[in-house]
Each structure stands twice: as structure tokens, then as C-alpha cells.
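Chain and residue survey
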Amino acid sequence: MEHSIFTLGPSHRVSDQPLPQIVMEAVQVFECTWDSSHPHEVNGLEHHYLLRIDKIIMQAEWKEALQEGGEFPRLPVDYGYRDSLHFWFTKGRKPYPVDVPKGHGVTTDAVLWQANRIDPAVTWEPAACAELAGVPRVFLKTVLSGCVDAAKAQGVSVITPAFLHEIRAKRKEGKGPSLLEKIAKFFGLGG
């Protein structure tokens, strides 16, 4: 990278190991580590690894445009952001949504595998895991951890579909943070 035209700066993560530098002019930077607790999947010549997003760095003006709506930076390519229902794309104008394709979440077995590793004091009914099978893999651990935290706060030791419905109802009533708010907080995007 000695001939890079970009300004390289230090990682925003804290580690006793050397970390890759980041491009300071980037609109958004994802700093990741490999989550080796998830099985390494091989599909023909493709190898699939699960990356844990440690930090998302976004320049303040673009963060505000994403959260509040507004103009995005003009780049020579389309780019986007995904929430639980849509991909949001823009070509430097107001973002527009495209529905997330069905069937691209995780399987019930994958949810159950991850759910039972969050906290041994809280178990999951398979039917509850089936309700979370559509959650994008990148958000799954955050969603599961939020459910386990809610269960422990209420003294619940087994998460059932009924308990998940209760969590959703409280969120809709404004009694708890939305999934997007939890994700934003997890990734350091919260106000």
C-alpha cells in the first residue's frame, strides 16, 4: 500500500495485535474478524466463513443521511444498506428500497445451533428458532442475544414462540428498542 492514493489511518479497534489500516476517505468501513465458532462451509469451489463485524465507521454526514434521509455521496457505483425487509440503494440521490429476496436468511437448525450457545441458562424451543429463520445471518447473534437478555430480565428460562410474540408486542408499543435500534447500538451507530 505504499503507493496508495488514499490516506491510511489506524483501526478504530483496540488490540494487542497489529490491525489493518483503514482508508480515511471511505464513506463506510467495516472492520471484521473471522468468527471461527461457526462451521466453515464448503460448496464446491466456494468457501464460506462467518465474519463478525467489530466496528462500522461511517463519516458523520453520511450516517445522518442514512438515519434521517437525505443526499448520499456521489460515487460511480450503486451501493446499498440492508435492513430486515429491504435493500436500500442509491446513485447519489434519495435511497430507494428493493425487497429482500425470500429464503436468504438462516435455517432453523442454524438458529437453534447459535441460540443454544448464547447462554446455557436460557434454552430455546425449536418452534421459536423457526420464527427467527429469516433473520440475516449477520444480525442473528445480536437478535438472539437481545431475546436472551429479555428472557433473563423476566426470569424466563425457555424461549417459546409466545415469548417472542411478547417481545415483538412490547417493541411495537414503544416499550423496548426496535431491532434496528439494537443493531445500530451494537455497531456503534447510535446517536
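Brief notes about a nonpolar patch on the surface
Together, Trp34, Tyr49 and Leu51 make up a nonpolar patch on the protein surface, roughly 360 Å² of accessible area in all. Mapped onto the fold, Leu51 is located in strand β6 (residues 51-58).

Here we look at the confidence of the model for the protein
Summing up the model confidence of the protein, the mean pLDDT is 77 and the portion of residues at 70 or higher is 72%. When pLDDT is averaged over each helix and strand of the protein, the minimum, 49, is found for helix α6 (residues 179-186) and the maximum, 94, for strand β11 (residues 158-159). Scored below 50 in pLDDT, residues 183-191 shows 15 contacts in the model against residues more than four places distant or in partner chains.

A closer look at the packing of helix α2 (residues 108-115) against helix α4 (residues 137-153)
When two helices pack together, their arrangement is given by the angle between the helix axes and by the axis-to-axis distance. Interaxial distance between α2 and α4 falls to 10 Å at its minimum, and their mutual angle equals 55°. Taken together, α2 and α4 sit at an angle that is classed as oblique. Taken as a pair, α2 and α4 cross one another with a handedness that is right-handed. For the pair formed by α2 and α4, the contact residues are Ala110, Val111, Gln114 and Ala115 on the first element and Leu140, Lys141 and Leu144 on the second.

Analysis parameters
- Residues numbered from 1 in each chain as written.
- Predicted model: local features only at pLDDT ≥ 70, side-chain atom pairs only at ≥ 80, totals over all residues.
- Heavy atoms only, no water.
- Patch = residues over 30% accessible without salt bridge, like charges linked within 9 Å, V, L, I, M, F, W, Y side chains within 5 Å.
- Areas by Shrake-Rupley, 256 points an atom, 1.4 Å probe, with all protein chains shown as cover.
- Salt bridge = Lys/Arg side-chain N within 4 Å of Asp/Glu carboxyl O.
- Helix = DSSP H or I, 4+ residues; strand = E, 2+ residues; numbered from the N terminus.
- pLDDT = per-residue confidence, 0-100.
- Contact = heavy atoms within 4.5 Å.
- Axes fitted to C-alpha atoms, helices over the stretch in contact; angles between N-to-C directions.
- Parallel < 35°, antiparallel > 145°, perpendicular 65-115°, else oblique.
- Left-handed = near helix turned anticlockwise from the far one by under 90°.

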